[in-house]
Amino acid sequence: MKIENNRDCNVKNIFKLDGRVPITKAIPFGLQHILAMFVANLAPISIIAAASQPALEQHQIAILIQNAMLVAGIATLIQLYPIWRIGSKLPVVMGVSFTFVTVLCTIAANYGYPSVIGAVIVGGIFEGTLGLFAKYWRKIISPIVAACVVTAIGYSLFTVGARSFGGGYTEDFGSMENLMLGTFTLSVCLLWNIFAKGYLKQLSVLVGLIAGYIVAIFMGKVDLSLIFADGFISLPKILPFKPEFNINAIFSVCIIFLVSAAETIGDTSAVASGGLGREITDREISGAIAGDGYASSISALFGCPPVTSFSQNIGLINMTKVVNRFTIAVGAVSMILAGLLPPIGNFFATLPESVLGGCTIMMFGTILFSGVEMLSKAGFNHRNTVITSLSLSVGIGFTASSEIGLWNQFPSIIQSVFSTNVVAVVFIIAVILNLILPKNMDIKLEDK
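Residues numbered from 1 in each chain as written. Predicted model: local features only at pLDDT ≥ 70, side-chain atom pairs only at ≥ 80, totals over all residues. Heavy atoms only, no water.

### Details of the overall build of the protein chain
Line of reasoning, step 1. For the protein chain, the helix and strand inventory stands at 18 helices and two strands.
Line of reasoning, step 2. Relative to the compact-globule value of 22 Å for 448 residues, the protein chain shows a C-alpha radius of gyration of 21 Å, a close match.
Line of reasoning, step 3. The C-alpha extent of the protein chain, read off along each of the three principal axes, is 70 × 65 × 50 Å.
Line of reasoning, step 4. Relative to its full complement of 448 residues, the protein chain shows a buried share of 55%.
Line of reasoning, step 5. Sequence separation of at least 24 residues holds for 82% of the intrachain contacts in the protein chain that already meet a minimum separation of 6.
Line of reasoning, step 6. Roughly 19,200 Å² of accessible area belongs to the protein chain as shown, and the carbon and sulfur atoms make up 68% of that amount.
Line of reasoning, step 7. The average position of the 26 basic charges and that of the 23 acidic charges among the side chains of the protein chain differ by 12 Å. (Helix = DSSP H or I, 4+ residues; strand = E, 2+ residues; numbered from the N terminus. Rg over C-alpha atoms; globule rule 2.2 N^0.38 Å. Buried < 20%, exposed > 50% of the residue type's maximum accessible area, 1.4 Å probe, protein only. Contact = heavy atoms within 4.5 Å. Areas by Shrake-Rupley, 256 points an atom, 1.4 Å probe, with all protein chains shown as cover. Lys, Arg positive; Asp, Glu negative; His and termini not counted. Charge placed at Lys NZ, Arg CZ, Asp CG, Glu CD.)

Written out as structure tokens, the structure reads:
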């Protein structure tokens, strides 16, 4: 009876930040995290490579994709188990960031891919150092600012989930096959949530991904021959491109790193609030941003774009409440193995987008819900209402694809940073309002 109780206790540790979890339980929960972000981790590299002048060759792109898996695993381990003050010690999963895609495509097209690498090395050091000194500027990111950013992140991911549900950036986007596959995967996730018992209920995403993958094979949407196309083992290539340091490229990337820092604050705040049921600490914010920056510089040494916390996995944590660091570290090790063993990486890469969309579309809603919870905790006084209302209405309205012409009068660098980035606009507006609005707005209204 005592042994059984110990087993139950170990299983329950998946809902605790620290604690022993049996490896047989850690593996499926860790893989669930990796499967949720794997395709999105690789996509930015292909997009930037396609924009580069001269264009990257296919074998060069293959090297970068392999390195991206390795770097994502290493960066995740740094966040989970900090080195000195670098890392948050929070259950954060890192991956190649979509935030930088627009500006890096422009740099790659104008200055070449080596300038991308040089700019990311410098920009990563800039953000990492900024994180180490977060205690000196942390106060400008008040609870209401963090809540607005988290809400904006949740909103911005809705279209990501919808795009994946329809099949991703493919010629058959929105086809009946993709919609049926996404619906089937989502149905499996929901049914598992309803009927599974105990800790197994938290594996709904993994079960949905497996079921969807199997169905996709029978539908002919998975090419299994690609799994062993690149051999069985391959060592990572360090400095596949010699960095070039262009001042214009560096300046542009450093600006985006500020946006990335804001997103990291939002993501980690959502983890602390939704996963751990508390507010994030200054030490955790400092470590998270430092890890974000310095890991991005390491990523550049392997020829890859910057890495950052993945909002997909924040949504998974908020939905399942599985926050155990060791469990997520098992997933990070899987990513490292995927970078060293091509068949593993190729297997993950064959996961159809519509299967991923069926599993993640509900997860993204949980991030928005976390933002609403944080808004509630910050309080609905008049000052917070003004900050929230204006930042979200401007951020969402001005970055809508139908209204992108609003940015035509601004310099190209401003357009590339803000015109389609709802999180960046919400962050800037919320910070400015938080700094200039009087603290006692409610008292003044009552006096009148």
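This is not the end of the story, as more comes after the structure.
### Remarks on the pattern of salt bridges
Line of reasoning, step 1. Counted under the stated rule, the structure contains four salt bridges.
Line of reasoning, step 2. The partner of E177 in a salt bridge is K221, and the shortest N-O contact between them spans 3.9 Å. With a gap of 44 residues between them, E177 in helix α7 (residues 176-195) and K221 in the loop between α8 (204-218) and α9 (247-275) connect regions that are remote in the sequence.
Line of reasoning, step 3. The residue R278 makes a salt bridge to E284 at a minimum N-O spacing of 2.6 Å. (Salt bridge = Lys/Arg side-chain N within 4 Å of Asp/Glu carboxyl O.)

### A word on α7
Side chains of residues three or four places apart in an α-helix project in the same direction, reflecting 3.6 residues per turn.
Line of reasoning, step 1. For α7, spanning 20 residues, the distance from its first C-alpha to its last is 28 Å, which sits close to the expected 28 Å at 1.5 Å a residue.
Line of reasoning, step 2. Of all the positions in α7, only N178, L181, G182, T185, V188 and C189 are classed as buried. The buried residues of α7 occupy an angular sector of 120° when the element is viewed end-on, so they sit on one face. Among the exposed residues of α7, those pointing more than 90 degrees away from its buried face are M176, M180, I194 and F195.
Line of reasoning, step 3. On the buried face of α7, the contacting elements are α6 (143-165), α8 and α14 (353-378). (Expected span 1.5 Å × (residues − 1). Arc of directions from axis to C-beta.)

### Examining helix α5 (residues 113-132)
Line of reasoning, step 1. For α5, built from 20 residues, the straight-helix expectation of 28 Å at 1.5 Å per residue is met to within 8% by its first-to-last C-alpha distance of 29 Å.
Line of reasoning, step 2. When you tally the buried positions in α5, you get 15 out of 20 residues, the bulk of the element.

### Brief notes about the packing of aromatic side chains
For any two aromatic rings, the description comes down to two numbers: the centre-to-centre distance and the angle of the planes.
Line of reasoning, step 1. One pass over the full model with this rule turns up six aromatic pairs.
Line of reasoning, step 2. Plain terms: the ring middles of W407 and F410 are 5.4 Å apart, the flat faces sit at 50° to each other, and that makes the pair tilted.
Line of reasoning, step 3. Using a relative accessible area of 41% as the deciding quantity, one classes F410 as partly exposed.
Line of reasoning, step 4. A connected cluster of aromatic rings, assembled from ring pairs, spans W407, F410 and F418.
Line of reasoning, step 5. Lying over the aromatic face of W84, R85 brings its terminal NZ or CZ to 5.2 Å of the ring centre.
Line of reasoning, step 6. Seen from the ring of F173, R163 lies directly overhead, with NZ or CZ sitting 3.8 Å from the centre. (Phe/Tyr/Trp six-rings, centres within 6.5 Å; stacked < 30°, edge-to-face > 60°. Lys NZ or Arg CZ within 6 Å of the ring centre and 35° of its normal.)

### A few points about the nonpolar core
Most often, soluble globular proteins keep nonpolar side chains buried together rather than apart.
Line of reasoning, step 1. Counting 125 residues, the largest nonpolar core has F38, L104, Y113, I141 and L209 as its most contacted members.
Line of reasoning, step 2. Take this core: its biggest share by element is 13 residues, from α9.
Line of reasoning, step 3. Leave out the neighbours within four places in its chain, and Y113 touches I48, S52, L56, L64, A108, F241, G303, C304 and P305. (Core = buried A, V, L, I, M, F, W, Y, C linked by side-chain atoms within 4.5 Å.)

### Examining the environment of G168
Line of reasoning, step 1. Tracing the backbone shows G168 in the loop between α6 and α7.
Line of reasoning, step 2. Sequence separation between G168 and N324 is 156 residues; the distance between their C-alpha atoms is 31 Å.

### A closer look at a positive patch on the surface
Line of reasoning, step 1. Taken together, the side chains of R85, K89, K135 and R283 make up a positively charged region of the molecular surface.
Line of reasoning, step 2. Topologically, R85 is positioned in the loop between α3 (58-80) and β1 (94-96). (Patch = residues over 30% accessible without salt bridge, like charges linked within 9 Å, V, L, I, M, F, W, Y side chains within 5 Å.)

### Quick notes on a nonpolar patch on the surface
Line of reasoning, step 1. On the surface, I140, I428, I432, L435 and I436 cluster together into a nonpolar patch covering about 440 Å² of accessible area.
Line of reasoning, step 2. Within the fold, I436 resides in helix α17 (residues 422-436).
Line of reasoning, step 3. The class of I436 is exposed, set by a relative accessible area of 58%.

### Notes on the side chain of T264
Line of reasoning, step 1. Examined against the element boundaries, T264 turns out to sit in helix α9.
Line of reasoning, step 2. Each residue touching T264, except ones within four places of it in the same chain, is listed here: E127, A288, I289, D292, T308 and S309.

### Some thoughts on the packing of helix α11 (residues 311-320) against α14
Line of reasoning, step 1. Put simply, α11 and α14 touch, their axes get as near as 8 Å, and they point 80° apart. Compared by their axis directions, α11 and α14 come out roughly perpendicular. Between α11 and α14, the residues in contact are S311, Q312, I314, G315, L316, N318 and M319 and M362, M363, F364, T366, I367 and S370, respectively. (Axes fitted to C-alpha atoms, helices over the stretch in contact; angles between N-to-C directions. Parallel < 35°, antiparallel > 145°, perpendicular 65-115°, else oblique.)

### Section: unusual backbone geometry
Line of reasoning, step 1. Here the amide bond leading from Q53 into P54 is cis, since omega sits at 0°, within 30 degrees of zero.
Line of reasoning, step 2. Tracing the chain through its elements places P54 in the loop between α2 (23-51) and α3.
Line of reasoning, step 3. Its identity as a non-glycine residue notwithstanding, L239 has a phi of 50°, on the positive side.
Line of reasoning, step 4. Among the residues examined, L239 registers a relative accessible area of 43% and is labelled partly exposed.
Line of reasoning, step 5. Located in the positive-phi region is K321, a residue other than glycine, with phi close to 65°.
Line of reasoning, step 6. The residue K321 is located in the loop between α11 and α12 (325-340) in this model.
Line of reasoning, step 7. Given the relative accessible area of 36%, K321 is considered partly exposed.

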